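Listed below are the residues making up each chain.
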Amino acid sequence: MAANMYRVGDYVYFENSSSNPLLIRRIEELNKTANGNVEAKVVCFYRRRDISSTLISLADKHAREMEEEMENPEIVDLPEKQRHQLRHRELFLSRQLESLPATHIRGKCCVTLLNETEALKSYLEREDVFFYSLVYDPQQKTLLADKGEIRVGNKYQADITDFLGEGEEDDRDLSKMEEKVFDPDSPLTEKQIDQFLVVARSVGTFARALDCSSSVRQPSLHMSAAAASRDITLFHAMDTLHKAGYDMTRAIAALVPQGGPVLCRDEMEEWSASEANLFEEALEKYGKDFTDIQQDFLPWKSLTSIIEYYYMWKTTDRYVQQKRLKAAEAESKLKQVYIPNYNKPNPNQLSSSVKPTSLVNGAAAAGVTTPLVPGAPGQTPGLGRACESCYTTSSYQWYSWGPPNMQCRLCATCWTYWKKYGGLKMPTRLDGERPGPNRNNMSPHGLPMRHGSSPKFAVKTRQAFALQTTVASRAARRVCQDIIKPRFLARHPYLPINTIAIKAECALRLPDVPKKPVGLKPVVRQPLESVVRYLEAHPRPPKPAPPRGPTISTGSLTPIKSTPILNNGSPTILGKRSYEQHNGMDGTKSKGLTQQWDIMAKRVTEPTRNSAPIQDQVHELD
């Protein structure tokens, strides 16, 4: 039951798709909605597959710099397979928050900040363990080093000198290494030092009464006295006493010089109320990331000033009140939630209605009545392939993986690895993210496609290769031609072929095949001269030109209105027209065009008529 109990601060897997890898999140809050469901407010972690290639190159550069700083050669000289799997364990922290249903939680994991003293190989030896060292911003598309890095390692350690023996003197110049600010062997007693500190507080209170800006910030005497009693006043009093050689008379005179009493202020007094509100708002958003607080909220303040104000702010009543409010809010929210195991079947599971006794590469072996050519009834698509990750041919459960048209599949072990770590176990030519060629961006003809499904080349091939078949494969094509059915498979290029079963069938048929190869049918070809003489004796008949009618005279000032003729009962291309009408040849005229053809012919046969009657006849068509 403890494994199914999830609390605030746990790193968990979330499932948003049945085929995509699980999401890795950290639970920040557990809230109960109005309809009774539980939602988890989580911090997002991203994998390498979720960021762009440009940022991946920056991450690789950062990883190489860390490898150079590591002194353990076992970590630097990792095999290629372990390096490939180690990339699946790397995550990128983000400041993005999102709310997800708690019912989508699929288990717990562990995410730690990587440091130089930790062996990278230790992550591969443990399940569900990840690391991160960089921070990813999804909006700005940037990748930065985590500012919360713990500075541990050899370069952060102090150089310890050798132990001095008895009577041995230290040859170092101590004046260059440290500065003495207090002498415990002074002639003053503790009571006299306390009396001097009271005088210093009184001088500080009087100085604030004289200062106009202080009188506005601390309008009452009690507030001025409280401000004068802060550590900055006591530090100044002790420094003044030490510089005066612990002479009370000289020290009191230094507190009140000729120009007036000395006023010492710390960051708590220098900051205004509006600046304090901005700081609390920034602290709520960014936490103790003082660099981001300075850049986004308080750019006019120095980083030293912000850090000093933070530690002084923690001593105030304001901090105590906010801490109590947060504790009260936390009491009203859920502390933990119980999520039962998710036992529903995955839609990507492959199952077959035919269960043969012995399976070879997912299909029946030779001798069992199971179709050798895929696509037959009773055979599940994709069962003729091995696992795309580990290339195994036997598994108690198979899962479809990748584009549906490629019909790839993974075994149960590799499917669990894919869901948890977002990659394949074995590295491939494309860094192990996709098997073989880039199948995710392939067209049906094997050409890389862009996002617009254009079969143009999106990227250039890395290396050319030649596919050469073996003698056994060529023999199997001839012997098992009735089983392979090349014409059928040529029309179905995505159907897998059970090569192991076909080779087994070929091995059974080869002893019965005659040793002498089947001769091809001889073809008698005529010489080129005979072909040329035949073409000269039988030339191609000339193509008859289409008959042309007499041209219509354009001497008339009034042109023929062709648009009314075409739109008045004349069939268009979409209408029913004969072949002769489409090609300008003589044919039967439609009844609707009889009147127009008669007028046209009459006009051609009488070219000497005046233009006025012709114009009248043409207007009759309207």
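Below or above, wherever it landed, is the structure these notes cover. (Residues numbered from 1 in each chain as written. Predicted model: local features only at pLDDT ≥ 70, side-chain atom pairs only at ≥ 80, totals over all residues. Heavy atoms only, no water.)

Let us now look at the packing of aromatic side chains. Aromatic ring pairs are defined here through the distance separating the ring centres and the angle between the ring planes. The final tally for this structure, using the stated rule, is 20 aromatic pairs. Each ring, one from Trp-313 and one from Tyr-319, has its centre 5.2 Å from the other, and the planes form 75°; the classification is edge-to-face. Judged by centre distance (4.7 Å) and plane angle (55°), the ring pair of Tyr-417 and Tyr-421 falls under tilted. With Tyr-417 and Tyr-421 both in helix α16 (residues 412–421), this residue pair falls four residues apart, about one helical turn. Tyr-421 sits in the buried class, given a relative accessible area of 3%. Clustering of aromatic rings is evident, with ring pairs tying together Trp-271, Phe-279, Phe-290, Tyr-309, Tyr-310, Tyr-311, Trp-313 and Tyr-319. The ring centre of Tyr-6 lies 5.6 Å from the NZ or CZ of Lys-108, which sits over that ring. In this arrangement the basic side chain of Arg-126 is found over the ring face of Tyr-123, its NZ or CZ atom lying 5.6 Å from the centre. (Phe/Tyr/Trp six-rings, centres within 6.5 Å; stacked < 30°, edge-to-face > 60°. Helix = DSSP H or I, 4+ residues; strand = E, 2+ residues; numbered from the N terminus. Buried < 20%, exposed > 50% of the residue type's maximum accessible area, 1.4 Å probe, protein only. Lys NZ or Arg CZ within 6 Å of the ring centre and 35° of its normal.)

Moving on to the packing of helix α17 (residues 471–479) against helix α20 (residues 499–509). Running from amino to carboxyl end, α17 crosses α20 at an angle of 75°, the nearest separation of the two axes being 9 Å. Classed by the angle they form, the pair α17 and α20 counts as roughly perpendicular. Taken together, the residues of α20 that come into contact with α17 (itself represented by Ser-473, Ala-475, Ala-476 and Val-479) are Lys-503, Cys-506 and Arg-509. A breakdown of the residues in the contact of α17 with α20 according to their chemical character gives four nonpolar, one polar and two charged. (Axes fitted to C-alpha atoms, helices over the stretch in contact; angles between N-to-C directions. Parallel < 35°, antiparallel > 145°, perpendicular 65-115°, else oblique. Contact = heavy atoms within 4.5 Å. Nonpolar A, V, L, I, M, F, W, Y, C, P; charged D, E, K, R; others polar.)

Let us look at a nonpolar patch on the surface. A cluster of nonpolar side chains, namely Leu-528, Val-531, Val-532, Tyr-534 and Leu-535, defines an oily patch on the protein surface of about 510 Å² accessible area. With respect to the helices and strands, Val-532 occurs in helix α21 (residues 528–537). (Patch = residues over 30% accessible without salt bridge, like charges linked within 9 Å, V, L, I, M, F, W, Y side chains within 5 Å. Areas by Shrake-Rupley, 256 points an atom, 1.4 Å probe, with all protein chains shown as cover. Salt bridge = Lys/Arg side-chain N within 4 Å of Asp/Glu carboxyl O.)

So, on to the sheet that holds strand β14 (residues 408–411). Within the open sheet, the three strands sit side by side as β10-β13-β14. Their pairing is antiparallel. Both outer strands of the open sheet, β10 (349–350) and β14, are each paired with one neighbouring strand and no more. The sheet contact formed by β10 and strand β13 (residues 398–401) spans two bridges and is antiparallel. Counted as the bridge partner of Gln-349 is Tyr-399 from β13. Seen against the sheet, α16 touches β13 and β14 and runs at an angle of roughly 100° to β14. (Pairing = 2+ DSSP bridges.)

With respect to the helices and strands, Glu-127 occurs in the loop between α4 (121–124) and β7 (129–137). As for Glu-127 and Tyr-417, which are separated by 290 residues in sequence, their C-alpha atoms are 10.0 Å apart. A polar contact of 3.0 Å, which involves the side chain of Glu-127, links it to the side chain of Tyr-421. (Polar contact = N/O pair within 3.5 Å; in protein donor to acceptor, adjacent residues only side chain to side chain.)

What follows deals with the side chain of Glu-90. Here Glu-90 shows up in strand β5 (residues 90–101). By relative accessible area, Glu-90 is classed as buried at 9%. Among the polar contacts listed, one links the side chain of Glu-90 to the side chain of Arg-48, at a separation of 2.9 Å. Residues within four places of Glu-90 in sequence aside, it is in contact with Tyr-46, Arg-47, Arg-48, Ala-59 and Phe-131.

Here the focus is the pattern of salt bridges. Taken as a whole and judged by the stated rule, the model has 16 salt bridges. Ionic pairing is found between Asp-60 and Arg-48, a salt bridge with its closest N-O pair at 2.6 Å. Of this pair, Asp-60 sits in helix α1 (residues 53–69) while Arg-48 is found in the loop between β4 (38–46) and α1, placing the two residues 12 residues apart along the sequence. Note on Asp-60: relative accessible area 25%, which makes it partly exposed.

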